[in-house]
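Close look at the chain arrangement
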Amino acid sequence: MVGLPLSLLASRSPELGSTKALPPKMWDQGLLWLWTLSQKGQNNASGTGTGEPGPEAQAWNKDFTLSTEKITEKDEESERGNWSRKSDYLLSMVGYAVGLGNVWRFPYLTYKDGGGAFLIPYTVMLALAGLPLFFLECSLGQFASLGPISVWRILPLLQGVGVTMVIISTFVTIYYNVIIGYSLYYLFASFQSVLPWADCNPEWANANCSKTRLVLDCNITLDNETTINANYSWVEKNNLTCINGTKVFANTQAPSEQYWNNKVLQRSSGLDKTGEVVWYLALCLLLSWLIVAVALFKGIKSSGKIVYFTAIFPYVVLVILLVRGATLDGALEGIEFYIGKQSNFTKLTEAEVWKDAATQIFFSLSVAWGGLVALSSYNKFNNNCYSDAIFVCVINCLTSVFAGFAIFSILGHMAHEAGKKVSEVVDSGFDLAFVAYPEALSKLPVAPLWSFLFFFMLLLLGLDSQFATVETLTTTIQDVYPKLMKKMRIPVTLGLCTVLFLLGLVCVTQAGIYWVNLVDHFCAGWGILFAAVLELVGICWIYGGNRFIEDTEMMIGKKSWLFWLWWRVCWFFITPFLLLAILIWSLVTFERPKFGSVEYPVWGAAVGWCMIMFCLIWIPIIAIYKISKAKGSLWQRITFCCKPQPNWGPALERNRGERYRNMVDTEKEKDIEIPTVDAYVHKPE
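Keep in mind the model is a prediction, meaning the values are calculated, not measured. Residue numbers here run from 1 along each chain, matching the order of that chain's written sequence. Selection of residues for local features in this predicted model requires a pLDDT of at least 70, selection of side-chain atom pairs for listing and counting requires 80 or more, and totals for whole chains, interfaces and linings are taken over all residues. Excluding hydrogens and water, the side-chain values take into account all heavy atoms of the structure.

1. Section: the state of the cysteines
- The definition used for a disulfide is geometric: two cysteine sulfur atoms within 2.5 Å. With the rule as written, the count across this model stands at two disulfides.
- The partner cysteine of Cys218 in its disulfide is Cys242, sulfur to sulfur 1.9 Å. Classification of the bridge connecting Cys218 and Cys242 rests on its S-S torsion, roughly -65°, and on that basis the disulfide is left-handed. Separated by 24 residues along the polypeptide, Cys218 in strand S3 (residues 215–221) and Cys242 in the loop between helix H10 (232–237) and strand S5 (248–249) bring together distant segments of the chain.
- According to the relative accessible area criterion, Cys218 is buried, its value standing at 0%.
- Buried, partly exposed and exposed residues are distinguished by accessible area as a fraction of the type maximum, computed with a 1.4 Å probe on protein chains only: under 20%, between the cut-offs, and over 50%, respectively. For Cys242, a relative accessible area of 12% gives the class buried. In this text, helices come from DSSP runs of H or I with a minimum length of four residues, and strands from runs of E with a minimum of two, each type numbered from the N-terminal end.

2. Digging into helix H23 (residues 561–588)
- Here, expected helix span is obtained from the residue count minus one, scaled by 1.5 Å. Between its first and last C-alpha atoms H23 spans 39 Å; for 28 residues at 1.5 Å apiece the expected length is 40 Å, and the two agree.
- Along its length, H23 shows its largest kink, about 50°, at Cys570.
- Of all the positions in H23, only Trp564, Trp567, Cys570, Trp571, Phe572, Thr575, Pro576, Leu578, Leu579, Ile582, Leu583 and Ser586 are classed as buried. Think of it this way: the bend at a residue is just the angle between two axes, each fitted to seven residues, one set ending at that residue and the other starting at it.

3. Section: the packing of aromatic side chains
- Pairing of aromatic rings covers Phe, Tyr and the six-membered ring of Trp, with a centre-to-centre limit of 6.5 Å; geometry is then stacked below 30 degrees between planes, edge-to-face above 60, and tilted otherwise. A full pass over the atoms with the stated rule returns 64 aromatic pairs.
- Where Phe106 meets Phe118, the ring centres are 6.1 Å apart and the plane angle is 50°; that geometry is what we call tilted. With Phe106 in helix H7 (residues 106–112) and Phe118 in the loop between H7 and helix H8 (119–144), this residue pair connects regions lying twelve residues apart in the sequence. Each member of the pair Phe106 and Phe118 is classed as buried.
- Relative to Tyr259, the ring of Tyr186 has its centre 5.8 Å away and its plane inclined at 80°; by these criteria the two rings are edge-to-face. On the criterion of sequence distance, the pair formed by Tyr186 in helix H9 (residues 159–189) and Tyr259 in helix H11 (residues 255–264) is long-range, its members being 73 residues apart.

4. Some thoughts on the environment of Cys540
- Inspection of the secondary structure puts Cys540 in helix H22 (residues 512–556).
- A relative accessible area of 2% means that Cys540 is categorised as buried.
- Along the sequence, Cys540 and Trp571 sit 31 residues apart, while their C-alpha atoms lie 6.6 Å from each other.
- Every residue pair with non-hydrogen atoms within 4.5 Å of one another is taken to be in contact. Dropping the residues within four chain positions of it, Cys540 is found in contact with Leu136, Gly545, Trp571 and Phe572.

5. Considering the packing of helix H12 (residues 279–295) against helix H20 (residues 447–480)
- Packing of H12 against H20 brings their axes to within 10 Å, and their N-to-C directions diverge by 60°. The angle between the axes of H12 and H20 places the two elements in the oblique class. In the packing of H12 onto H20, the handedness of the crossing is right-handed. Here H12 contributes Trp289, Ile291, Val292 and Ala295 to the contact with H20, which in turn contributes Leu463, Gln466, Phe467 and Val470.
- Side-chain classes follow a simple rule in which Ala, Val, Leu, Ile, Met, Phe, Trp, Tyr, Cys and Pro form the nonpolar group, Asp, Glu, Lys and Arg form the charged group, and the remainder, Gly included, forms the polar group. Among the residues making up the contact of H12 with H20, the classes are represented as seven nonpolar, one polar and no charged. The convention used is that axes are lines fitted to C-alpha atoms, helices contributing only their stretch in contact, and that angles between N-to-C directions extend from 0 to 180 degrees. Angle categories: roughly parallel below 35 degrees, roughly antiparallel above 145, roughly perpendicular from 65 to 115, and oblique for all the rest. Left-handed describes a crossing in which the near helix is turned anticlockwise from the far one by less than a right angle; the clockwise case is right-handed.

6. Thoughts on the pairing of S3
- Pairing analysis gives two bridges linking S3 to S5, with the strands arranged antiparallel. Following the sheet pairing, Asp217 is matched in S5 by Val248.
- Pairing between two strands is assigned when DSSP locates at least 2 bridges connecting them. Note: S3 against strand S4 (residues 227–231), five bridges, orientation antiparallel. In the sheet register, Cys218 faces S4, and the bridge partner there is Ala230.
- With antiparallel pairing between neighbouring strands as the criterion, S3 and S4 make up a hairpin whose turn holds five residues, including Glu225 at a positive phi of roughly 65°.

7. Here's the deal with the side chain of Thr474
- Turning to its location among the elements, Thr474 is positioned in helix H20.
- With relative accessibility at 1%, the residue Thr474 sits in the buried group.
- If near-sequence neighbours (up to four positions away) are discounted, Thr474 is found in contact with Met485, Arg489, Thr493 and Leu496.

8. Some thoughts on the nonpolar core
- Ranked by size, the top nonpolar core spans 192 residues in total, and within it Phe134, Tyr182, Trp260, Leu411, Phe430 and Trp571 carry the most contacts.
- It is H22 that contributes the most residues to this core, 24 residues altogether.
- Excluding anything up to four places from it in sequence, Phe430 contacts Trp104, Ile179, Tyr182, Trp260, Val435, Ile513, Val516 and Phe595.
- One finds Val215, Ile220, Tyr232 and Cys242 within the second-largest nonpolar core, a separate group that totals seven residues. In this description, a nonpolar core means a group of buried Ala, Val, Leu, Ile, Met, Phe, Trp, Tyr and Cys residues linked to one another through side-chain atoms lying within 4.5 Å.

9. Focus: unusual backbone geometry
- Here Asn239, not a glycine, exhibits a phi torsion of approximately 55°, which is positive.
- Looking at the element boundaries, Asn239 is found in the loop between H10 and S5.
- The exposure class of Asn239 is exposed, given its relative accessible area of 71%.
- We note that Val446 has phi near 55°; this positive angle belongs to a residue other than glycine.
- In this fold, Val446 is placed in the loop between helix H19 (429–442) and H20.

10. Things to note about the packing of H9 against helix H25 (residues 618–629)
- Interaxial distance between H9 and H25 falls to 7 Å at its minimum, and their mutual angle equals 145°. Our pair here, H9 against H25, has a crossing hand that is right-handed. Residues Gln159, Gly160, Val161, Val163, Thr164 and Ile167 of H9 pack against Trp618, Ile619, Ile622 and Lys626 of H25.
- Grouping the constituent residues of the contact of H9 with H25 by class yields six nonpolar, three polar and one charged.

Here it is, written out as structure tokens:
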């Protein structure tokens, strides 16, 4: 066995002074080496016949190592780290994509836009807008192992797009945890034998509160066939019957609605009536931030474990709610309204339906927020991000459809019990989550149990998305200050959560719900659409779509031209123009925001526009800054900023191949950073 390293046969333990058998995988590799020697001949293997290993043996020895990286599967990148398991990443992505909108918006849109017919535009928009952008962002983050700002080394001119994504994510993070705080409050309120919103409590209810709809008057037909309008109490007293459709109802509110507005929110009359901080909502907000901080204190290493519960358990609750709802009277009627015989295929001719489908897909998948890039940046280089994108997108859409059955089966029962049409009890957003559905649950046997399960599900759905959004912010800090985050991740994470908690206190004042709605209306809408369009144009038209495909093939392997045909068509043409059309439509049909029946003052809308401008202004500012730092004529400077930076490419040298063999090592030479991000400028040598 000339040239065979003794370390292949046994490994000595310094502690015990004895030999330990190698794992089976290493024995197989050693035997394969011996087999190669026997097949090639002793002289060929040794090269000289003097006992020195030849080229094949040397090459094998170079690849084989007993380092801890090979044995214990340590992180590829010691600075940033990697996901411990593939399942950690997938569950984190599912948790990020599947959020509150899947439960409280999609079912309502399906009902409103034609029932089962809505699934046609929804699926089409998934293929044309959602999946292409989702796959692109996953590939982008994984290829460079960088967050949403630093990844724009690919195209320095548009690095401001990454800054815009992070700022918008910061705004959304502030109010999203407020919604999680609402869920926590209702969760704690469910620990009572009778749900507090089941009846009108004088503590918070007013004269308009009623469990049933009160009829004021109606039309009746007398014996002489004369039709008159009469007081309803007189009609009942004389055992008369109202003519169908003539009842006039009093302006009453259900206990659940008054509990939400008067007790939970202590809602003021408008945005300009701030009032005081609602102390119990502030405590719930604090608790929600503590949960986020604890989950992220070790970054993806800790959050990747927690998502095994937070991402999976909501599906258990949805199944329980569906099974319970399906056994109730009126459940079938509710499902019929959702996706049954009530399906209206003529709705497909309305542009509004297609716009709703595209918007729901776009925001449901959480593309262009920076989170997909951030989470994917912790993948190992050769991870199959293509199959991951397909898996997460399909799971997200199926969850939306499935949640609709659980929601509408119970709403159908509520309508049946109240003698109403399903259309009269259906709602979306806050009104569905905190008014209509809680009211329906309060009418079930063992109501506190079902209420607890529902709000616990909302809590977990919100936390999953919040984990990923905050991780987007910490990843940005990680890319700018890697050594700081390695030593002080816990203090930095706690400090970030503390700052965001303090900024969120305005959202738990008596006017807080108006601020939540305002930020959601402006920042989570147009800004994200604009960033997504620039992202596609920059990568596909300036950096080069074909070049990006070659980058992706370095990770997932060579694919046929036919395989990439669909992605080319979407990335280059369909997806950017589709998103641009939605953006223009939204601007043309803009109306001053309002919450319920309360319209926002002019200055409130102005504040919203200022917020969105603050998010977008960094795109031109950073582009101008980059151009000013370049050399040559204006055109030469612009051209230079449209080229990838010297340190753009795979993070690890072994993954760079021939295409990136001349890439500048990030540790050896810093790129020109942005003062707004790095606080100082690294000038190239």
